[in-house]
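Letter by letter, the chains look like this.
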Amino acid sequence: MKFNERIKNRRKELGITQEDFAKQLYVSRQTLSSWENGRTLPDIDSLVLLSEALEVNIDVLIKGDGGLKDNIVIRSNIEKKIEEILEYVAYALLFGAIVLFKSNVYAYILAMLLIFFSEDIARKICEYFIK
């Protein structure tokens with residue numbers, strides 16, 4: 001049985017609707033549907049929430065689906081690289097705001113937001129481009 005079938009079957013066994021289950025996982029119903037139909041895969045944080053909500057060990061969710069394990073590792077590495085790049089861009093922008101733009105407040109704020117949210121932005125970029 002594939003990963004998507006395991007989560008869908010287990011959710012149904014527990015008698016939980018997609019809507020309610022998606023709320024439990026802090027994702028949209030469409031995202032959950034996409035996982036259950038095998039179109040996309042959850043990130044690592046969502047996998048942990050899935051295993052807890054389904055009352056299933058994370059190994060049981062992943063086992064037997066080598067493609068999922070490989071994809072999670074690749075996606076995690078890509079997220080880290082994107083996060084690093086965003087932080088470099090933010091620091092360059094911060095430097096530019098202070099030195100080149102004579103303390104431009106907007107550039108400073110943008111740089112600080114990039115630094116603070118780089119992890120979330122990287123995750124969203126991966127979710128959008130890596131299916």
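Scroll up for the structure.
Notes on the structure in this doc start here.

The rules behind each value
Residues numbered from 1 in each chain as written. Predicted model: local features only at pLDDT ≥ 70, side-chain atom pairs only at ≥ 80, totals over all residues. Heavy atoms only, no water. Helix = DSSP H or I, 4+ residues; strand = E, 2+ residues; numbered from the N terminus. Rg over C-alpha atoms; globule rule 2.2 N^0.38 Å. Salt bridge = Lys/Arg side-chain N within 4 Å of Asp/Glu carboxyl O. Buried < 20%, exposed > 50% of the residue type's maximum accessible area, 1.4 Å probe, protein only. Axes fitted to C-alpha atoms, helices over the stretch in contact; angles between N-to-C directions. Parallel < 35°, antiparallel > 145°, perpendicular 65-115°, else oblique. Contact = heavy atoms within 4.5 Å. Nonpolar A, V, L, I, M, F, W, Y, C, P; charged D, E, K, R; others polar. Phe/Tyr/Trp six-rings, centres within 6.5 Å; stacked < 30°, edge-to-face > 60°.

### So, the overall build of the chain
Part 1: Helix and strand content of the chain: 7 helices and 0 strands.
Part 2: Listed by position from the N terminus, the elements making up the chain come as α-α-α-α-α-α-α.
Part 3: Taken against the 2.2 N^0.38 rule, which gives 14 Å for 131 residues, the C-alpha radius of gyration of the chain at 19 Å runs more than 25% over that of a compact globule.
Part 4: C-alpha atoms of the chain, sized along the principal axes, occupy 60 × 30 × 20 Å.

### With respect to the pattern of salt bridges
Part 1: Tallied over the full model, the rule gives 7 salt bridges.
Part 2: The salt bridge partner of Arg-11 is Glu-36, with a shortest N-O separation of 2.6 Å. Taken as a pair, Arg-11 in helix α1 (residues 3–13) and Glu-36 in helix α3 (residues 29–36) lie far apart in primary sequence, 25 residues in all.
Part 3: For Arg-11, a relative accessible area of 7% puts it in the buried group.
Part 4: What makes Glu-36 buried here is its relative accessible area of 3%.
Part 5: With a shortest N-O distance of 3.5 Å, Arg-123 and Asp-43 are connected by a salt bridge.

### Quick look at the packing of α1 against α3
Part 1: Direction vectors running N to C along α1 and α3 enclose 120 degrees, while the axes themselves pass 7 Å from each other. Comparing the axis directions of α1 and α3 gives the class oblique. Where α1 approaches α3, its residues Asn-4, Ile-7, Lys-8 and Arg-11 are matched on the opposing element by Leu-32, Trp-35 and Glu-36.
Part 2: For the contact of α1 with α3, the per-class residue count stands at 3 nonpolar, 1 polar and 3 charged.

### Some details on the packing of aromatic side chains
Part 1: Evaluated as defined, the whole model comprises 1 aromatic pair.
Part 2: Between Phe-116 and Phe-117 the ring centres are 4.7 Å apart and the planes differ by 90 degrees, which places this aromatic pair in the edge-to-face class.
Part 3: Among the residues examined, Phe-116 registers a relative accessible area of 65% and is labelled exposed.
Part 4: Looking at Phe-117, the relative accessible area reads 34%, which means it is partly exposed.

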